[in-house]
Amino acid sequence: MDKPSSRRLDRVLVGDCVALMAGMPEGPVDMVFADPPYNLQLQNDLKRPDDSRVDAVADDWDKFASFSAYDDFTRAWLYACRRVLKPNGALWVIGSYHNIYRVGAILQDLGFWILNDVVWRKSNPMPNFRGTRFTNAHETMIWATRDRKQKSYTFNYEAMKAMNDELQMRSDWLIPLCTGAERVKRGGKKAHPTQKPEALLYRAILAATRPGELVLDPFFGSGTTGAVARKPGRDWLPIEREGDDVEAAGDRIRRATPSAAAALATPAQRDEPRSPIRAVLEREDSPAARPSTGAALGVSAVGAATSVNAARAAATRSDSQSRRSRRRSVRSSAAA
Ligand SMILES: C[S@@+](CC[C@H](N)C(=O)[O-])C[C@H]1O[C@@H](n2cnc3c(N)ncnc32)[C@H](O)[C@@H]1O
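In short, a report on the structure. (Residues numbered from 1 in each chain as written. Predicted model: local features only at pLDDT ≥ 70, side-chain atom pairs only at ≥ 80, totals over all residues. Heavy atoms only, no water.)

Brief notes about the site of the ligand
Right, on to step 1. Inspection of the region around the ligand gives 22 residues, with D16, D35, S222, T224 and E240 positioned closest.
Right, on to step 2. Within the side chain of D16, an N or O atom sits 2.7 Å from a nitrogen atom of the ligand.
Right, on to step 3. Interatomic distance of 2.8 Å between a side-chain N/O atom of H192 and an oxygen atom of the ligand.
Right, on to step 4. Within the complex, 98% of the 600 Å² of free accessible area of the ligand lies under protein.
Right, on to step 5. Broken down by class, the residue content of the shell around the ligand amounts to 8 nonpolar, 7 polar and 7 charged. (Near = heavy atom within 4 Å. Polar contact = N/O pair within 3.5 Å; in protein donor to acceptor, adjacent residues only side chain to side chain. Areas by Shrake-Rupley, 256 points an atom, 1.4 Å probe, with all protein chains shown as cover. Nonpolar A, V, L, I, M, F, W, Y, C, P; charged D, E, K, R; others polar.)

Quick look at the packing of aromatic side chains
The description of two aromatic rings rests on the distance between their centres and on the angle between their planes.
Right, on to step 1. Under the definition given, this model contains 10 aromatic pairs.
Right, on to step 2. For the ring pair W92 and W143, a centre distance of 5.4 Å and an interplane angle of 20 degrees mean the geometry is stacked. With W92 in strand β3 (residues 85–95) and W143 in strand β5 (residues 138–145), this residue pair connects regions lying 51 residues apart in the sequence. For the pair W92 and W143, a shared accessibility class is recorded, and that class is buried.
Right, on to step 3. Residues W92 and W173 carry aromatic rings whose centres are separated by 6.0 Å and whose planes lie at 40 degrees to one another, so their mutual orientation is tilted. A residue pair is termed long-range when its members are at least 10 positions apart, and W92 in strand β3 and W173 in strand β6 (residues 172–175) qualify at 81 residues.
Right, on to step 4. W92 gets classed as buried once you look at its relative accessible area, which sits at 2%. (Phe/Tyr/Trp six-rings, centres within 6.5 Å; stacked < 30°, edge-to-face > 60°. Helix = DSSP H or I, 4+ residues; strand = E, 2+ residues; numbered from the N terminus. Buried < 20%, exposed > 50% of the residue type's maximum accessible area, 1.4 Å probe, protein only.)

Below, the structure is given as structure tokens:
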């Protein structure tokens, strides 16, 4: 397998991820980020009230004959991922209500151990145009270790806290859909229907890997995982079966550095207008500062990599600090 330093930025393994992973040695991968087909089962065109067509996912790769065909596919790729993960490696998989419950059950059956489910709350979701259901405003990411007994997985607790205004990072992340300059385009149109926001990947990768570690993405699409992993010095192993996507992903990764500011601008959990970390990230927007800040954050993330026990101790400290500060603020408002 390529060493990080010898990796060409446009080298994507093209083909079916199950077959390609089966041909790899066991255990080189530190983290899998998987954004699989959701099996959306869309029957008809989605229309807005003005009768315009919504650009939904109509691709063949999202079509399965039945739930059981989808389950078989899910079991096959999850099994293949588990084989290539290191014993202390971890899996992140994203999905919506259409598929995440099936994926979650299958990965538990295979022996993965769920650490968290992270809710990606969309700050700019698409409305429910017919008004027949709630606005579908979130997706779910499952974070799981390869094995139940594995305690030495990576969790960069302090780095996450630093990204969240010194509060313990929670499992609900408010992040906008990928729009504007970040969206990869081909011929003026979206190059990929389900491109994920870089900020989402950035948090997952910074939380669960150290620099130089290997992130495998079996459903690479427009290359979000590679574009993000490159900035804080992680390596990535991309697999994608559609040739057009591979081309778009290669171009994007070569251009990855200039979009660093967008990748890093994750809103603080409390959604305050400015937090110290956001102030730093906003300064990154100045062209002179641009190339170094992402890498610097990555390095500080390594320095801050904690064992799970240390993280628990820090969590306890942080909880009692916030209890103290809540008591202080209750006392001062009572006095006022
Ligand atoms: C949900 S999209 C991933 C989007 C990606 N995360 C991004 O941000 O652009 C799923 C991708 O998996 C690819 N795919 C589907 N089945 C596959 C398979 N069996 N092996 C490899 N790639 C596959 C599709 O072509 C599609 O690009």
